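Residue-level listing of the chains:
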Amino acid sequence: MSVSAKVSVSSNRGVVVVELWLILTATLASGCGSRSETDHRIAVVASTDVYGDIAVQIGGPDVRVSSLIDSPNQDPHAFQADAHDALAVSKADVLIQNGGGYDDFVGTLRDSAGRAATQVIDVVRLSGHMAVDGRLNEHVWYDLGTVRRFVTRVVQALTSADPSHRASFRRNATVFTGRLAALQRTEAHLAAHYTGTGVAVTEPVPLYLLEACGLANRTPTGFTDAVEEDTDVPASVLHRTLGLFSAHSVHLLVYNEQSAGPQTDEVIAGAKQAGVPVVGVTETLPPGTTYLNWMATNLAAVSSALKTGARS
């Protein structure tokens, strides 16, 4: 199949602009799909490598997974797709998007591709999380309960695409959810010891995990809203945020390593100066790890920091 494409996709907190021209030869029109005569694997396209990795763990050798955002150096909120991404979406059997306005470029690419994926998974819809006072924390991959539901949905989608490997998909899912349950037990253990302990964040990225550990977010919403919107934090809000550390109202600061700026740097410095432990997290997979190992590392870092914070 020959493709000529020009693609411009940008996402800035849910605002998406796309220009896409695809010229497809008669090969596509005659049925060029996601699988060739020599490659019968299920074609899965995920918006980020977080979901891509989970799909690999469940699908094993029977899936071919492409993640549109696959580097910690890529800001998901400023993603720009290229012709390769557009082609991958056009050939997907299963398309995975986070939803909730996080990765609207996926739906836009899909609508422009001229071929709809057989199965589309929107993880925010699976999560059941709703906006509260106009705010939705779309970072649902930090919610282990949501990830469990996502795994079930992935098994369904892959089985629909290739029923002959149903047993393998289910077996892989059982192994995965077993390890996921161990992580949830770690959250419950932390909650038993630290429920109500105050924490601060620079963005809502890790909040589902922190809340599952029983921790109370005391960050002024004006601070996290401004950081997420990439606008200046009002001076009064910054002062209140810094006051959390000097007053020792929080025992931990968790910040997004992929979103830096002078005001977040000031908050990190303020926490360190006050002796409040600081933990960095990311929105996408760190290099050379898997989703489960990543979440285990995050929980270990939070646990260690809470022990340190409790002694300070």
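Above this text sits the structure in question.
Residues numbered from 1 in each chain as written. Predicted model: local features only at pLDDT ≥ 70, side-chain atom pairs only at ≥ 80, totals over all residues. Heavy atoms only, no water.

Draft legend 1. Spotlight on the overall build of the protein chain. Secondary structure summary: the protein chain contains 12 helices and 10 strands in total. Per-residue burial for the protein chain yields a buried fraction of 49% across its 312 residues. A separation of at least 24 residues holds for 67% of the contacts in the protein chain among residues at least 6 apart in sequence. Surface exposure of the protein chain reaches about 13900 Å², of which carbon and sulfur atoms provide 50%. (Helix = DSSP H or I, 4+ residues; strand = E, 2+ residues; numbered from the N terminus. Buried < 20%, exposed > 50% of the residue type's maximum accessible area, 1.4 Å probe, protein only. Contact = heavy atoms within 4.5 Å. Areas by Shrake-Rupley, 256 points an atom, 1.4 Å probe, with all protein chains shown as cover.)

Draft legend 2. Spatial organisation of helix α7 (residues 166-194). Given a rise of 1.5 Å per residue, 29 residues ought to cover 42 Å, and the 41 Å separating the end C-alpha atoms of α7 matches this to within 8%. Buried residues of α7: Ser168, Phe169, Ala173, Phe176, Thr177, Leu180, Ala181, Leu183, Glu187, Leu190, Ala191 and Tyr194, and no others. One or two positions beyond α7, positive phi appears at Gly196, with a value near 90°. (Expected span 1.5 Å × (residues − 1).)

Draft legend 3. Molecular detail of the sheet that holds strand β7 (residues 198-201). Spatially, the 4 strands line up as an open sheet ordered β8-β7-β9-β10, and their pairing is parallel. Each edge of the open sheet is held by one strand with a lone partner, namely β8 (216-217) and β10 (278-281). Pairing analysis gives 2 bridges linking β7 to strand β9 (residues 253-256), with the strands arranged parallel. Pairing of Val201 across the sheet is with Val254, part of β9. (Pairing = 2+ DSSP bridges.)

Draft legend 4. Region of interest: the packing of aromatic side chains. In the structure shown here, the tally under the stated rule is 8 aromatic pairs. Ring centres of Tyr51 and Phe150 lie 5.1 Å apart, and the angle between their planes is 65°; this geometry places the pair in the edge-to-face category. With Tyr51 in helix α2 (residues 49-59) and Phe150 in helix α6 (residues 144-161), this pair connects stretches of sequence that are 99 residues apart. Judged by its relative accessible area of 0%, Phe150 is buried. Among the aromatic residues, ring-to-ring pairing joins Tyr51, Tyr102, Trp141, Tyr142, Phe150, Phe176, Tyr291 and Trp294 into one connected group. (Phe/Tyr/Trp six-rings, centres within 6.5 Å; stacked < 30°, edge-to-face > 60°.)

Draft legend 5. Main features of the sheet that holds strand β6 (residues 119-122). With respect to topology, 4 strands assemble into an open sheet ordered β4-β3-β5-β6, the strand pairing being parallel. A single partner strand is all that each edge strand has here, and the edge strands are β4 (63-69) and β6. Each strand axis lies, on average, 15° off the axis of its neighbour in the sheet, ignoring direction. Where strand β3 (residues 42-48) meets β4, 6 bridges bridge the pair, whose relative direction is parallel. (Axes fitted to C-alpha atoms, helices over the stretch in contact; angles between N-to-C directions.)

Draft legend 6. Local environment of the environment of Thr219. Along the polypeptide, Thr219 turns up in the loop between β8 and α9 (221-228). With a relative accessible area of 7%, Thr219 lands in the buried category. Distance from Thr219 to Ala200, taken between C-alpha atoms, is 5.0 Å for residues 19 residues apart in sequence. Excluding its chain neighbours within four sequence positions, the residues that come into contact with Thr219 are Val199, Ala200, Val201, Thr224 and Leu244.

Draft legend 7. Spatial organisation of helix α10 (residues 235-246). Between its first and last C-alpha atoms α10 spans 17 Å; for 12 residues at 1.5 Å apiece the expected length is 16 Å, and the two agree. When we look at burial in α10, the residues that qualify are Val237, Leu238, Thr241, Leu244 and Phe245. Looking down the long axis of α10, one finds its buried residues gathered within 110° of arc, a one-sided arrangement. Among the exposed residues of α10, those pointing more than 90 degrees away from its buried face are Ala235, Ser236, His239, Arg240 and Ser246. In this fold, the buried residues of α10 make contact with β7, α9, β9 and α11 (262-273). Residue His248 follows α10 closely and has a positive phi angle near 55°. (Arc of directions from axis to C-beta.)

Draft legend 8. Spatial organisation of the nonpolar core. Residues Ile96 and Tyr291 are the most contacted members of the largest nonpolar core, which totals 55 residues. Ile96 has contacts with Val44, Val45, Ala46, Ser47, Tyr51, Ala55, Ile121, Val123 and Phe150, leaving out every residue within four places of it along the chain. Grouped together as the second largest cluster of nonpolar side chains are 15 residues, Phe223, Ala226, Val227 and Phe245 included. (Core = buried A, V, L, I, M, F, W, Y, C linked by side-chain atoms within 4.5 Å.)

Draft legend 9. Region of the structure containing the environment of Ile42. Relative to the helices and strands, Ile42 resides in strand β3. Distance from Ile42 to Val63, taken between C-alpha atoms, is 4.5 Å for residues 21 residues apart in sequence.

Draft legend 10. Quick look at the side chain of Ser47. For Ser47, the location among the structural elements is in strand β3. Judged by its relative accessible area of 0%, Ser47 is buried. Excluding residues that lie within four positions of it along the chain, Ser47 makes contacts with Leu68, Ile69, Ile96, Gln97, Asn98, Asp103, Phe105 and Val106.

Draft legend 11. Spotlight on the packing of α10 against α11. Where α10 meets α11, the closest approach of the two axes is 8 Å, and the angle between their N-to-C directions is 25°. The angle between the axes of α10 and α11 places the two elements in the roughly parallel class. The two elements α10 and α11 meet at a crossing, and its hand is right-handed. Facing Leu238, Thr241, Leu242 and Phe245 of α10, the residues of α11 in contact are Gln263, Glu266, Val267, Gly270 and Ala271. (Parallel < 35°, antiparallel > 145°, perpendicular 65-115°, else oblique. Left-handed = near helix turned anticlockwise from the far one by under 90°.)

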